[in-house]
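Take a look at the letters that make up each chain.
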Amino acid sequence: MFRSLFGRGKRRRDRRPSELRDDSVRAAMVGDVVTIAGLGLEYEDCYFFIERRHRYTTGPDSWYELECADGETRVWVEWTDGYDLSVSATGNPDPIGLDGIGLTEDDLIQLDEQHSIDNFINVDGQGYRYRNSAEVFFYRDCSGPGEPFYHWDFLSDDGLRILSITKWEGRPFEVVFSEVLSSDSVTLYQGERLDPGTGRGR
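Residues numbered from 1 in each chain as written. Predicted model: local features only at pLDDT ≥ 70, side-chain atom pairs only at ≥ 80, totals over all residues. Heavy atoms only, no water.

A.B. asks: Explain the confidence of the model for the protein chain residue by residue, including any values.
C.D. replies: Taken as a whole, the protein chain shows an average pLDDT of 87; of its residues, 84% reach a score of 70 or greater. Low pLDDT, under 50, characterises residues 2-19; the stretch is placed with 29 contacts to residues that sit more than four places away or in other chains. (pLDDT = per-residue confidence, 0-100. Contact = heavy atoms within 4.5 Å.)

This is the structure in structure tokens:
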């Protein structure tokens, strides 16, 4: 697939839908504010304003990304809203190249073709197990036709870090590390929700 692309008691009264409120990260919108626990001590006292919200899809699966800022401090939060809510975040989005993790393009092609969760790589003494690789579509601000790229996903042996490799057409491979967070690590405060296209309130 990769070769062809560039050649993942009392009866309780039922609540009305208007009374149900989701305060988890899955309800986050541009204009809201979040705090993040567990990402690092330097982030514990930060209140991050959500500047952008993006969507990714691969086949029937989808996940979201928040771009957040507290002054000069920035973080990127992702979550996959499947059977369980999975959350990860990074405060260092600057990617490194394949040389930085000791892989080559041929290695990634082989991992993609074998598509086996038994495969793993070793980076600086830490094992990362292959989870998936697939074509992904990126929807900036959750809109538009979607931009395609290819994505490889690895999880560290201790389950605490994610290694993501992306390949956009016409661009070099990019490697980013993020930290796995508990589903309740992000606290959401609803703010003045903005339209990401205009910056105006909704």
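What follows picks up the thread again.
A.B. asks: Tell me about the layout of surface pockets, and name the residues and values.
C.D. replies: There is about 180 Å³ of room inside the second largest pocket. In terms of lining, the second largest pocket is formed by 14 residues, of which the most central are Thr90, Asn92, Arg161, Phe177 and Ser178. Elements that contribute at least two residues to the lining of the second largest pocket include exactly strand E5 (85-90) and strand E10 (174-181). Considering every element that reaches the lining of the second largest pocket, the biggest residue donor is E10, with five residues. When the residues that make up the lining of the second largest pocket are grouped by side-chain class, the tally is seven nonpolar, four polar and three charged. (1 Å grid on protein atoms, 1.4 Å probe; cavity = no way out; pocket = protein on both sides within 12 Å on 5 of 7 lines; lining within 4 Å. Points joined across faces, edges and corners; volume = space filled by probe spheres on them. Helix = DSSP H or I, 4+ residues; strand = E, 2+ residues; numbered from the N terminus. Nonpolar A, V, L, I, M, F, W, Y, C, P; charged D, E, K, R; others polar.)

A.B. asks: Give me helix H2 (residues 105-114): which residues, what numbers.
C.D. replies: Since the α-helix turns once every 3.6 residues, residues separated by three or four places project in the same direction. Residues of H2 that are buried: Leu108, Ile109, Leu111 and Asp112. Looking straight down H2, one finds that the buried residues subtend no more than 165° of arc, so they occupy a single side. Away from the buried face of H2 by more than 90 degrees, exposed residues Asp106 and Glu113 are located. (Buried < 20%, exposed > 50% of the residue type's maximum accessible area, 1.4 Å probe, protein only. Arc of directions from axis to C-beta.)

A.B. asks: Any details on the pairing of strand E1 (residues 33-36)? Residues and values, ideally.
C.D. replies: In terms of strand pairing, E1 meets strand E2 (residues 48-58) through two bridges, oriented antiparallel. Within the sheet, the bridge partner assigned to Val34 lies in E2 and is Phe48. Here E1 pairs with strand E11 (residues 186-189) via four bridges, running antiparallel. Paired with Val33 across the two strands is Tyr189, which belongs to E11. (Pairing = 2+ DSSP bridges.)

A.B. asks: Give me unusual backbone geometry: which residues, what numbers.
C.D. replies: A positive phi angle, near 55°, is found at Asp141, a position not held by glycine. Looking at where Asp141 falls in the secondary structure, it is placed in the loop between strand E7 (126-139) and strand E8 (147-156). One non-glycine residue with positive phi stands out, namely Cys142, at about 60°. The residue Cys142 is located in the loop between E7 and E8 in this model.

A.B. asks: Hey, could you go over the environment of Tyr56 for me, with residue numbers and the actual values?
C.D. replies: Examined against the element boundaries, Tyr56 turns out to sit in strand E2. Taking the C-alpha atoms as reference points, Tyr56 and Phe137, separated by 81 residues in sequence, lie 5.6 Å from one another. Sequence-distant contacts of Tyr56, defined by excluding residues within four places in its chain, comprise Asp61, Ser62, Trp63, Glu65, Val136, Phe137, Phe138 and Phe149. Here Glu65 takes part through its side chain, which lies 3.1 Å from a polar atom of the side chain of Tyr56. (Polar contact = N/O pair within 3.5 Å; in protein donor to acceptor, adjacent residues only side chain to side chain.)

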